[in-house]
Amino acid sequence: MSRFDRYMLSQLLILFSFFALVLVSVYWVNRAVVLFDQLIANGQSAWVFLEFSTLSLPNVIRLVIPMSAFAASVYVTNRLSSESELTVMQATGFSPWRLARPVLLFGVIVTLMMSVLMHVLVPVSTEQLTSRQKEVTENITARLLTEGTFLHPTTGVTFYIREITPAGVLKDVFLSDRRNKAEVSTYSASESYLVNTDTGPKLVMVDGLSQVMLTSENRLFTTNFSDFTYDISGLIGKSETKKRRIEYIPTAELLRDAAEISQETGASMGAVMEEAHGRFNRPMMVISAALVGFATLLLGGYSRFGVWRQIVIAFVVLVLVEMSRSATIDPVLEDASKWPLIYAPTVLGLCLSAALLWLAAHPLHIRRRIAS
């Protein structure tokens, strides 16, 4: 690479890192607030929150990489143009095609980074995150250990603990089970203990009162007990057999055994093809995003009002390319044989970039044709 290529590439990578860091922080904070409320409300620790946040990061990074590449390309091109560095390079004989070489290399580097995310990190982290979310949801013990709050671990059940001592004793426990409409059961105890057994967690209540209301007969039966065991494992459903989803399956397996995976997961062949080829297409769209941002800003000459019009045009072109990607999804989902359509947005973005570079290389030719 020439010195100019290395200089421009370094600027693009630095600005890309900055924009990616800012956008990831914004996305992560917004999701972390919701995640924090959910986990703390369910009685989970800060360590679980940190684990969930870490597992969600690859998917967040995947979302912001294309926008960061586009923003870096636009910002660097605008700065080099405003400081007349691009003008000097063009005066030495560099064509728009030659100037686009470091931008193309930048797009390839970021595409390789995103490919690692799409093919490895995102599937693995998403599977692990889903598995851990299921474990936390089914962890009824952690959800019940919240003092001073009326909890509803499942429909028709209300649970309350006034205080949890350092020794693990639950003080003044109230439990109401209204799942059986014909028989409403209510239990209260001065002390209780959670005990893990081979058949699941049990709530052992000491020195309490049991009240059973038969709604059909409108009769109430009360019983004082010295100790009573309540099976709280029944408050949650049994774990279903773990079923794979196409989002978790390696790309090579999706391409090799598409029919078997479709039958196993229940997803259509079109969904399998869209997932597999989408993992290739989305990284490649980063190249077109970077080139679109660069080529559009080369169209305008010097103006004291800046290049805001070119920036708006670049953003509109990027939105059109993204809209074309959304438009290709439904046909592929309906007919798996149309999977080549998935790559149409990338081809469209590259063609638009080439057209913009050609226009930037022939400004006088275009003006003469318009004048004539």
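Everything discussed here concerns the structure shown above.
Every value quoted in this text rests on a predicted model; they were computed, and no experiment measured them.

A. Spatial organisation of a nonpolar patch on the surface. Residues W308, V312, F315, V316, V319, L320 and M323 make up a contiguous nonpolar surface patch of roughly 690 Å² in combined accessible area. In this fold, M323 is placed in helix α10 (residues 308–334).

B. Spotlight on the nonpolar core. Within the largest apolar cluster, 33 residues are counted, with the highest numbers of intra-cluster contacts made by M8, F16, I65, V103, F106 and F294. Looking at this core, the elements that each hand over two or more residues are α1 (3–41), α2 (46–82), α3 (85–91), α5 (101–138), α9 (269–299) and α11 (344–361). Dropping the residues within four chain positions of it, V103 is found in contact with M8, L12, S73, A290, L291 and F294. Membership of the second largest hydrophobic core comes to 13 residues, among which are F159, L175, Y187 and L203.

C. Region of interest: the pattern of salt bridges. Under the defined criterion, the tally for this structure stands at 13 salt bridges. With a shortest N-O distance of 3.0 Å, D5 and R98 are connected by a salt bridge. Remark: R98 occurs in helix α4 (residues 96–99) and D5 occurs in helix α1; sequence separation between them is 93 residues. The network of salt bridges with common partners includes D5, R98 and R101.

D. Representation of unusual backbone geometry in the model. Its identity is not glycine, yet D207 carries a phi of approximately 55°, on the positive side. One can find D207 in strand β4 (residues 200–214). Located in the positive-phi region is N218, a residue other than glycine, with phi close to 55°.

E. Up close: the packing of aromatic side chains. In this structure the tally under the stated criterion is 9 aromatic pairs. Between F19 and Y75, the aromatic rings sit 6.1 Å apart at their centres with planes inclined by 70°, giving edge-to-face as the arrangement. You can see F19 sitting in helix α1 and its partner Y75 sitting in helix α2, a full 56 residues away along the chain.

F. Local environment of the sheet that holds strand β5 (residues 219–231). Across the sheet, 5 strands lie side by side as β1-β2-β3-β4-β5; this open sheet has antiparallel pairing. Where the open sheet ends on each side, the last strands, each with one partner, are β1 (157–164) and β5. On average, each strand axis in the sheet is inclined to that of its neighbour by 20°, with strand direction left out of account. Taken together, the 12 bridges between β4 and β5 define a ladder with antiparallel strand orientation.

G. Spotlight on the side chain of T186. For T186, the position within the fold is in strand β3 (residues 183–197). Those residues in contact with T186 that lie beyond four places of it in its chain are F174, L175, S176, L209, S210 and Q211.

H. Region of the structure containing the packing of helix α8 (residues 258–265) against α9. Close contact between α8 and α9 brings their axes to 9 Å; oriented N to C, the two are set at 115°. Considering only the axes of α8 and α9, their crossing is right-handed. Within the contact between the two elements, α8 uses A258, A259, I261 and S262 and α9 uses M269, V272 and M273. A class-by-class count of the residues in the contact of α8 with α9 yields 6 nonpolar, 1 polar and no charged.

I. Here's a closer look at the pairing of β4. The pairing of β3 with β4 spans 14 bridges and is antiparallel. Paired with S185 across the two strands is V212, which belongs to β4. Counting the residues between successive antiparallel strands, the hairpin from β4 to β5 contains 4 residues, one of them, N218, with a positive phi of roughly 55°.

J. The arrangement of the environment of L209 in detail. Among the secondary structure elements, L209 is positioned in strand β4. On the basis of relative accessible area, L209 is assigned to the partly exposed category, the value being 25%.

K. Summary view of α2. In the structure, α2 departs most strongly from a straight axis at V64, where the bend amounts to approximately 35° and where the proline P66 lies between one and four residues downstream. Count one or two residues on from α2 and you reach S84, which has phi positive near 65°.

L. How the structure looks around the pairing of β1. Bridging between β1 and strand β2 (residues 170–177) involves 7 bridges; their strand directions are antiparallel. Within the sheet, the bridge partner assigned to F159 lies in β2 and is L175. Between the antiparallel neighbours β1 and β2 lie 5 residues, among them G168 with a positive phi of about 90°.

Conventions used here
Residues numbered from 1 in each chain as written. Predicted model: local features only at pLDDT ≥ 70, side-chain atom pairs only at ≥ 80, totals over all residues. Heavy atoms only, no water. Patch = residues over 30% accessible without salt bridge, like charges linked within 9 Å, V, L, I, M, F, W, Y side chains within 5 Å. Areas by Shrake-Rupley, 256 points an atom, 1.4 Å probe, with all protein chains shown as cover. Salt bridge = Lys/Arg side-chain N within 4 Å of Asp/Glu carboxyl O. Helix = DSSP H or I, 4+ residues; strand = E, 2+ residues; numbered from the N terminus. Core = buried A, V, L, I, M, F, W, Y, C linked by side-chain atoms within 4.5 Å. Buried < 20%, exposed > 50% of the residue type's maximum accessible area, 1.4 Å probe, protein only. Contact = heavy atoms within 4.5 Å. Phe/Tyr/Trp six-rings, centres within 6.5 Å; stacked < 30°, edge-to-face > 60°. Pairing = 2+ DSSP bridges. Axes fitted to C-alpha atoms, helices over the stretch in contact; angles between N-to-C directions. Left-handed = near helix turned anticlockwise from the far one by under 90°. Nonpolar A, V, L, I, M, F, W, Y, C, P; charged D, E, K, R; others polar. Bend = angle between axes of the 7 residues up to and from the residue.

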